[in-house]
Amino acid sequence: MNILAKIAIVVLVLYFVYKKLHNNSSLKPFKDLINDLNGWNRVLILSGMLILMLVNWLLECAKWQYLCQKVEHLSFWKSIQSVFCGLSMAIFTPNRLGEYGGRVMFLSPRKRIFGVVAMGVGALAQFVVTNFLGAIACAWFLIANLGAKGWIALLVALASSLAAAFFPLLYFHVRLIEKYLQRFPFMKKINRFLTLLERYSKRELATVLLYSVCRYVVFSSQYFILFMVLIPDINKLYVLTTIFLLFFIQSALPSLDLLDVGVRSLTASYIFGFITDQEVTVMAIVAFIWFVNLILPAILGAGFVFKINFFASTNR
């Protein structure tokens, strides 16, 4: 049963990858765009994207290893295996739920539930970074592109500042917010999740947040570099803030990694449409980064699925 479950997962991963890549209409325009560059520039750009992808996920591996110190010792190599295996299993599950299963299966059976807690803390740290910068970018978008002025602009800026301040407060002062949330019965589910943060000291949470910031810088750089190369006359500041807004919107959308590339592309084409009319290029960039950051790691991680022991005894 153990080997059959592993084979089934690998087959699912490869099937979903083939299915989506076979029907993807946005990757071909990217190929045409990149072929227009001279040979050395093309090699540098593609190599740079692959290197940044590896840096991004190796940072996540280091963060996962650090988070697991509260659970059990995890070598960096084993952390790499678990993270990439999780990426493979996330690709065909809603909201990346399979990623949790893929990672914690590399922990001892009795420690797996605590691994879910550790992964939840890491995900919340990434959420805080994305939404802190996203709230600021949202205010910029409303004022710069939708023409909010006067009192409206002031209210937008104030709301953005409050929203941006809320996320670090949530992360570092969870006990204060927890007491407040206890007054509302409908917030009990969120309240239970927030208590997971109490397992970590503020210094440990700051370290996890730093890993998340570094990851954010890396995958933002991927978008920024491609926009600068393929649409060189675009405003740099506008590109950067619109990238932050794109991540902010994507973090709020339910996703199925393999199937939401169309949603990602359409969202990007709409918001970037305020600063450039090159819609095809925008969608091609989003599709390519989706392929490099999610599909390639998922294919690499498929091999690590065979390292999992699904039916290990809990008495280990």
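Residues numbered from 1 in each chain as written. Predicted model: local features only at pLDDT ≥ 70, side-chain atom pairs only at ≥ 80, totals over all residues. Heavy atoms only, no water.

K.L.:
Talk me through the overall build of the protein chain; I want residue IDs and the actual numbers.
P.N.:
A count of helices and strands for the protein chain gives 13 helices and zero strands. Relative to its 316 residues, the protein chain shows a buried fraction of 50%. Relative to all contacts within the protein chain whose residues are 6 or more apart in sequence, the contacts with residues 24 or more apart total 74%. When the accessible surface of the protein chain is split by element, carbon and sulfur atoms take 68% of a total near 15900 Å². (Helix = DSSP H or I, 4+ residues; strand = E, 2+ residues; numbered from the N terminus. Buried < 20%, exposed > 50% of the residue type's maximum accessible area, 1.4 Å probe, protein only. Contact = heavy atoms within 4.5 Å. Areas by Shrake-Rupley, 256 points an atom, 1.4 Å probe, with all protein chains shown as cover.)

K.L.:
Can you break down the packing of helix α4 (residues 76–90) against helix α5 (residues 97–104) residue by residue, with the values?
P.N.:
Interaxial distance between α4 and α5 falls to 7 Å at its minimum, and their mutual angle equals 145 degrees. With respect to the hand of their crossing, α4 and α5 are arranged in right-handed fashion. In this structure, α4 contributes S82, V83, C85, G86, L87, M89 and A90 to the contact, and α5 contributes G98, E99, G101, G102 and R103. Partitioned by chemical class, the residues of the contact of α4 with α5 number five nonpolar, five polar and two charged. (Axes fitted to C-alpha atoms, helices over the stretch in contact; angles between N-to-C directions. Left-handed = near helix turned anticlockwise from the far one by under 90°. Nonpolar A, V, L, I, M, F, W, Y, C, P; charged D, E, K, R; others polar.)

K.L.:
So what's going on with a nonpolar patch on the surface? Which residues, and what values?
P.N.:
Judged by side-chain polarity, I3, L4, I7, V11 and F306 come together as a nonpolar surface patch covering roughly 460 Å² of accessible area. Inspection of the secondary structure puts V11 in helix α1 (residues 2–23). (Patch = residues over 30% accessible without salt bridge, like charges linked within 9 Å, V, L, I, M, F, W, Y side chains within 5 Å. Salt bridge = Lys/Arg side-chain N within 4 Å of Asp/Glu carboxyl O.)

K.L.:
Quick rundown of the environment of K111? Include the residues and the values.
P.N.:
With respect to the element layout, K111 can be found in the loop between α5 and α6 (112–144). In this structure the C-alpha to C-alpha distance between K111 and V71, which are 40 residues apart in sequence, comes to 6.4 Å. The residues contacting K111, other than those within four sequence positions of it, are V71 and E72.

K.L.:
Can you explain the confidence of the model for the protein chain? Please cite residues and give values.
P.N.:
On average, residues of the protein chain score 82 in pLDDT, and 83% of them are at 70 or above. Mean pLDDT across the elements of the protein chain bottoms out in helix α9 (residues 188–194) (57) and peaks in helix α10 (residues 202–230) (95). (pLDDT = per-residue confidence, 0-100.)

K.L.:
Mind laying out the pattern of salt bridges, listing which residues take part and the relevant values?
P.N.:
Tallying each qualifying case throughout the model produces five salt bridges. Of the charged contacts, one joins R103 and E60 as a salt bridge, the two residues approaching to 2.8 Å between their closest N and O atoms. You can see R103 sitting in helix α5 and its partner E60 sitting in helix α3 (residues 39–67), a full 43 residues away along the chain. Of the residues examined, R103 reaches a relative accessible area of 2% and is grouped as buried. For R103, the salt bridge is made with E99, and the minimal N-O distance between the two is 3.0 Å. Highlighted residues: R103 and E99, both in helix α5, separated by four residues, approximately one helical turn. Exposure class is identical for R103 and E99. Each is buried.

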